[in-house]
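Tertiary structure, described
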Amino acid sequence: QVQLVESGGGLVQAGGSLRLSCAASGRTFSTYAAGWFRQAPGKDREFVAAITWNGVITDYTDSVNGRFTISRDNAKTTVYLQMNSLKPEDTAVYYCATKMGRGRLRLDSEYDYWGQGTQVTVSS
């Protein structure tokens, strides 16, 4: 069992930065891949970024590639999402999730555990 708690969301102006954190409980966290997803009002949840258990492989959706960076610290059982050059279209509730294995990182149905989400609002 893994419990996830996101933090770091808030209101920021376009062009600004935020760093989201996802703190995990459970001794098996270091063996899980982790991902960030987001859901804007009236839209489906979408993949943002993912990282394998050892941090060797990362993946990003095209719209955030080059602006967002996912990382993890297994000693602290925490996953991070550094978001730079934020745009109004990045406004959404951001969720972290974890899964076993390293395949199909972009599919939310593959993830076993989810956090409660943190709101990110980017003003123009």
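As shown above, the structure is provided for reference.
In short, a report on the structure. (Residues numbered from 1 in each chain as written. Predicted model: local features only at pLDDT ≥ 70, side-chain atom pairs only at ≥ 80, totals over all residues. Heavy atoms only, no water.)

1. Considerations on the overall build of the protein
Which entries qualify depends on this criterion: Helix numbers and strand numbers start at the N terminus; a helix is a DSSP run of H or I with at least 4 residues, a strand a run of E with at least 2. Atoms counted for the radius of gyration: C-alpha only. Globule rule: 2.2 Å times residue count to the power 0.38. Throughout this description, buried means an accessible area under 20% of the type-specific maximum (1.4 Å probe, protein chains only), exposed means over 50%, and partly exposed covers the range between. Contacts are residue-level and defined by heavy atoms, with any inter-residue pair within 4.5 Å sufficient. Here the accessible surface of atoms and residues is derived via Shrake-Rupley with a 1.4 Å probe, and residues count as covered only by protein chains that are part of the display. Charge counting follows a simple rule: Lys and Arg are positive, Asp and Glu are negative, and His as well as the terminal groups are ignored. Charge placement uses NZ in Lys and CZ in Arg. For Asp and Glu, CG and CD serve respectively.
A count of helical and extended segments in the protein gives zero helices and eleven strands. Shown N-terminal to C-terminal, the secondary structure of the protein runs as helices and strands in the order β-β-β-β-β-β-β-β-β-β-β. Taken over C-alpha atoms, the radius of gyration comes to 13 Å for the protein, in line with the 14 Å a tight globule of 124 residues would show. The principal-axis extent of the C-alpha atoms belonging to the protein is close to 40 × 25 × 25 Å. Residue burial in the protein is summarised as follows: out of 124 residues, 44% are buried. Taking the intrachain contacts of the protein between residues at least 6 apart in sequence as the baseline, contacts between residues at least 24 apart amount to 58%. Working note: accessible area of the protein is about 6,300 Å², and carbon and sulfur atoms make up 46% of it. A gap of 5 Å separates the mean positions of the 13 positive and 11 negative side-chain charges of the protein.

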